[in-house]
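A structural walkthrough
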Amino acid sequence: MTANELRAAELRELLNRYGHEYYVLDAPTVPDAEYDRLFRELQALEEASPELAVPDSPTRRVGGAPLAEFDSVVHAVPMLSLSNAFSDMQLADPAERHAELIQFDERVRKGLDLAEVEYATEPKFDGLAISLVYEHGVLARAATRGDGVAGEQVTENVRTIRAIPLKLDGANPPALLEVRGEVLMLKRDFERLNADQIERGDKTFANPRNAAAGSLRQLDSRITAQRRLSFFAYSIARVEGADWPATHAGEMAWLKTLGFPVVEESLRPVVRGVAGLSGYYEGVQTRRAGLPFEIDGVVYKVNRRDQQDALGFVSRAPRWAIAHKFPAEEALTVVETIEEQVGRTGAITPVARLKPVFVGGVTVTNATLHNEDEVRRKDVRVGDTVIVRRAGDVIPEVVSVVLAQRPMQPAEGGDLFSAGEEPRYPAYSLPAACPVCGSHVVREEGEAIARCSGGLSCRAQRSQAIQHFAGRRMMDIDGLGERYIDKLVEYGYVKSVADLYRLKLDDLLEMKRRADEDEGATPETVKAGKVASKWAENLIEAIDASRTPPLARLLFALGIRHVGESTAKTLADWLG
Ligand code: IVH
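Before going into details, it helps to say that this report is about the structure given with it. (Residues numbered from 1 in each chain as written. Predicted model: local features only at pLDDT ≥ 70, side-chain atom pairs only at ≥ 80, totals over all residues. Heavy atoms only, no water.)

**A word on the packing of aromatic side chains**
Enumeration over the complete set of coordinates arrives at 12 aromatic pairs. Ring plane angle 55° and centroid distance 5.0 Å describe the contact between F232 and F293, whose orientation is recorded as tilted. Pair noted here: F232 is in strand 8 (residues 230–240) and F293 is in the loop between helix 10 (273–287) and strand 10 (295–302), with a separation of 61 residues, a long-range link. One exposure class covers both F232 and F293, and it is buried. Following the ring pairs from residue to residue traces out a cluster consisting of F125, F232 and F293. One cation-aromatic arrangement involves K203 over F205; the distance from NZ or CZ to the ring centre is 5.1 Å. Here the guanidinium or amino end of R514 rests over the ring plane of Y491, the centre of that ring lying 4.0 Å away. (Phe/Tyr/Trp six-rings, centres within 6.5 Å; stacked < 30°, edge-to-face > 60°. Helix = DSSP H or I, 4+ residues; strand = E, 2+ residues; numbered from the N terminus. Buried < 20%, exposed > 50% of the residue type's maximum accessible area, 1.4 Å probe, protein only. Lys NZ or Arg CZ within 6 Å of the ring centre and 35° of its normal.)

Spelled out as C-alpha cells, the structure:
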C-alpha cells in the first residue's frame, strides 16, 4: 500500500466512526471542525488520485452527478406489506376495544398450537421502506420498495444519509447482508426544512413522510445530501456467511452492533400475549407526541424465526406480523365558513368551521388557522376541501387546501355547469373591526397577531379575562365555567373580575334562569331549581374562598401582558 492509500483508509475509518457517533449514537467525541478538517484532507487525496474514492468513502455522502432516471431493481426477496388492525379507544370494554388484536393473536396461537406467544414490538415508522444490500461489509445497493417486487435503485441518494453505514462495523462482515428499514425525516428536521422552503419562496411539504420521500427520490443526489434524512432498521431479508439470529429481537441487537440505527430499547420490548401487546400499544400512544419522529401505529412480530417460518404468508402479507394502527391524524373535509375568535389579550384568531369529520379518534368541527398570514399562505377559502390534522390533544389545524377541488365561478357567457377561471370565494382577509365589539383591529409592525383594540370594553376579552382569573392555576374558583362566565358578562352582571366578589345568590339564579330560557331549555330543566340553588351556593362559597389568595397567584390571575406564572412569582417574592 502506498502512503496515500494508507492515509485514505485511515481517514475513511475515522470519519465513518465520527459520523456514526454523531448521527447514530447521538454522542460525538470530536468537534465538528475536526471532522471537517479530516473530510477535506480525504477529499484532496481522492481528487489527486481518483482510484482512492471507493464506494464506502464518506466523501460520497455529498451526492454525485444527477441521473436521467432511476434504474429498476428486482428484489431478491419481495418487500411485503403488513395487514392492519385497529382499536376503537372510545369503547370501554377492552375485549371490544382490541377485538382485531385478539383475533390476530388467536390466529397465531392456533397456527402454532401454543397457549401463549412471544412477540417483538416496534413503532410503525411513517416514512418509506428501503432495502440495503451490503457485500463484504460495504454498502453495494439501495432500493425503494416500489411495488414490492421491483423498486428504484437509489444507492447514490442513500449514501448521503449519514445514519446509514457505508461500511459495517466489526472485523468479520457477512459476505452478504440485506437489511430493510425505514427512511424518515425527524420532526425537527422537517420543521427546519419547511422554514427554509418558505424563506426561499419554495413550496412546503405537507408532512415529514412526503418530505422524506421527496428528498430521497431526487435524481440529483446533491439535493438529497442537503436534506437531513434519518433511518431505522427493522428487519433482515438475507444473510450469507454469518449466523442469522434466531429471534427478531436478536436481529435488532445484531444490527445495532453492525452500526445500524435501531429504535431505542424501551420502544421495542418483547412481550407475551394480547395483554402484552395492548399494554405496549397504549403506552406508545401516550409517548407518541414526544417522539422525535412520526409513527402511524405499532408493529408486532412473532419473535422466533422458526415460528415465523411455520406461519408463512397469506397473499402479500406475513401471517406472523401485523401493524396495529393509530387512528388517522389527517382527514379531508370542507370549510363551511371562516370566523374569528377573540382571545383574552384581544388576539384575533381565524377559525375554520368545518363539515364534521372523524379524525385523530374524535369528531372535529373547528380548526385553527392561526393568523391572517397563515390563512393567506395556505390560501384557505370558504368552500375549499382541506386536509385537517388533529395530533394527540393538540387543537386541530388546517394543513393545506386541495386546490383541484376549489369551487369555481361559472365561466362568463358559459352555462351554469361549466367551471370558469375565477374562484367562487375571495381570498381571506381579517376584518377591520372586532367581530365582537366593533373596535378597530390593529396589527403592530412585525407582529403576526392582530388584536382588538377594545381592551376590557370588549365583551370577548372581558369574558376571557375572567375565565383566566378563575382558572385552576390562578384563583381556582370551582364551578365557574366558560358558559356561565359568558352569560354573566353578556347580561352585565360582571364587568370586571372585581364584580365577581359582589355577586349575590339571587344574581346567579336569575342569570341561570335567563341563560336556560335563551338556550331553549325545556320546562323540566328550568324547573330543576333545587339543583341550581345548590350550584349557586357552592359557587358563592368558592368565590369567597378566593378572597385571600397568595400574592403570586393574584398577580398571575390579573392577566397582565408579559406577567406569566413565573414572573408573577418573582414579583411577589420581591414585593413581599
Ligand atoms: S416490517 C413483512 N416493521 O410498513 C413485513 N415494517 O405495511 C415487513 N413499516 O412497507 C415490514 N415500520 O415501510 C416493518 N417496524 C416496522 C415498520 C414497518 C414501518 C412499514 C414498511 C412497510 C410497511 C408494511
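**Considerations on the site of the ligand**
Around the ligand sit 13 residues, and of these L82, E122, E182, Y234 and K301 come closest. Interatomic distance of 2.6 Å between a side-chain N/O atom of E122 and a nitrogen atom of the ligand. Between a nitrogen atom of the ligand and a side-chain N or O atom of K301, the distance comes to 3.0 Å. Notes on the ligand: free accessible area 520 Å², of which the protein chains cover 87%. The element best represented in the shell around the ligand is strand 3 (residues 118–125), accounting for four residues. Partitioning the shell around the ligand into residue classes produces seven nonpolar, one polar and five charged. (Near = heavy atom within 4 Å. Polar contact = N/O pair within 3.5 Å; in protein donor to acceptor, adjacent residues only side chain to side chain. Areas by Shrake-Rupley, 256 points an atom, 1.4 Å probe, with all protein chains shown as cover. Nonpolar A, V, L, I, M, F, W, Y, C, P; charged D, E, K, R; others polar.)

**Focus: the sheet that holds strand 10**
Within the open sheet, the five strands sit side by side as 2-13-10-3-9. Their pairing is mixed. Strand pairing shows two members of the sheet lacking a second neighbour, strand 2 (84–86) and strand 9 (270–272), which therefore form its edges. The sheet shows a mean angle of 35° between the axes of neighbouring strands, direction not considered. Here strand 2 pairs with strand 13 (residues 321–325) via three bridges, running parallel. Bridging from a neighbouring strand, N84 pairs with A323 of strand 13. (Pairing = 2+ DSSP bridges. Axes fitted to C-alpha atoms, helices over the stretch in contact; angles between N-to-C directions.)

**Considerations on the environment of V314**
Mapping V314 onto the fold places it in strand 11 (residues 313–314). Looking at V314, the relative accessible area reads 38%, which means it is partly exposed. In this structure, the C-alpha to C-alpha distance between V314 and S83, residues 231 residues apart in sequence, is 9.8 Å.

**Quick word on the side chain of R159**
Along the chain, R159 falls in helix 5 (residues 155–159). Of the residues examined, R159 reaches a relative accessible area of 6% and is grouped as buried. Only 3.2 Å separates the side chain of R159 from the backbone oxygen of P55, close enough to count as a polar contact. Within the structure, the side chain of R159 is placed 3.4 Å from the side chain of E156, a separation counted as a polar contact.

**A look at the pattern of salt bridges**
In total, this model carries 44 salt bridges according to the counting rule given. Residue E282 is joined to R97 by a salt bridge in which the shortest nitrogen-to-oxygen separation is 3.2 Å. Of this pair, E282 sits in helix 10 while R97 is found in helix 3 (residues 94–97), placing the two residues 185 residues apart along the sequence. The partly exposed category is assigned to E282, whose relative accessible area is 30%. Of the charged contacts in the structure, one is a salt bridge between R305 and E251, with a shortest N-O distance of 3.9 Å. One end of the pair, R305, is in helix 11 (residues 305–311); the other, E251, is in helix 9 (residues 248–258), and 54 residues separate them in sequence. In this structure R305 comes out as buried when scored by relative accessible area, which is 17%. Because the salt bridges share partners, they merge into one network encompassing R483, K487, E490, K512, D516 and E519. (Salt bridge = Lys/Arg side-chain N within 4 Å of Asp/Glu carboxyl O.)

**A word on helix 16 (residues 505–518)**
Here helix 16 contains 14 residues, and its C-alpha end-to-end distance of 20 Å stays within 8% of the 20 Å for a straight helix at 1.5 Å per residue. For helix 16, every residue scored as buried is listed here: L508, M511, K512, A515 and D516. For helix 16, the buried positions fall inside an angular range of 130° around the axis, keeping them on one side. Across helix 16 from its buried face, at more than 90 degrees, point the exposed residues D506, E517 and D518. Two residues or fewer past helix 16, G520 is found with a positive phi of approximately 70°. (Expected span 1.5 Å × (residues − 1). Arc of directions from axis to C-beta.)

**Section: the nonpolar core**
For soluble globular proteins, the rule of thumb is that nonpolar side chains tend to be buried together. L132, V158, L177, L255 and F260 are the most contacted members of the largest nonpolar core, which has 34 residues in total. The set of elements that each furnish at least two residues to this core consists of strand 4 (128–135), strand 5 (138–144), strand 7 (176–184), helix 6 (187–199), helix 7 (208–216), strand 8 and helix 9. Counting residues in each nonpolar core, the second largest holds 33 residues, with L500, Y501, A536 and A552 among its members. (Core = buried A, V, L, I, M, F, W, Y, C linked by side-chain atoms within 4.5 Å.)

**Digging into the sheet that holds strand 4**
With antiparallel pairing, four strands are arranged side by side in an open sheet as 5-4-7-8. Single-partner strands in this sheet number two, and they are strand 5 and strand 8. On average, each strand axis in the sheet is inclined to that of its neighbour by 25°, with strand direction left out of account. The pairing of strand 4 with strand 5 spans six bridges and is antiparallel. Each bridged residue has a counterpart across the sheet, and for E135 the counterpart in strand 5 is V138. Packed on one face of the sheet, helix 7 meets strand 4, strand 5 and strand 7 and runs near 40° to strand 4. Packed onto the sheet, helix 9 meets strand 7 and strand 8 and runs at close to 110° relative to strand 8. (Contact = heavy atoms within 4.5 Å.)

**What about the environment of I348?**
Note that I348 resides in strand 15 (residues 348–359). A sequence separation of 87 residues divides I348 from P435, and the C-alpha atoms of the two residues are 9.2 Å apart. Each residue touching I348, except ones within four places of it in the same chain, is listed here: E340, Q341, L430, P435, V441, A450, R451 and C452.

**As for the packing of helix 14 (residues 482–490) against helix 16**
Where helix 14 contacts helix 16, the two axes come as close as 10 Å, and the packing angle between them is 100°. Overall, the two elements helix 14 and helix 16 adopt an arrangement that is roughly perpendicular. Across the interface between the two elements, R483, Y484, K487 and L488 of helix 14 pack against L508, M511, K512, A515 and D516 of helix 16. Tallied by class, the residues present in the contact of helix 14 with helix 16 amount to five nonpolar, no polar and four charged. (Parallel < 35°, antiparallel > 145°, perpendicular 65-115°, else oblique.)

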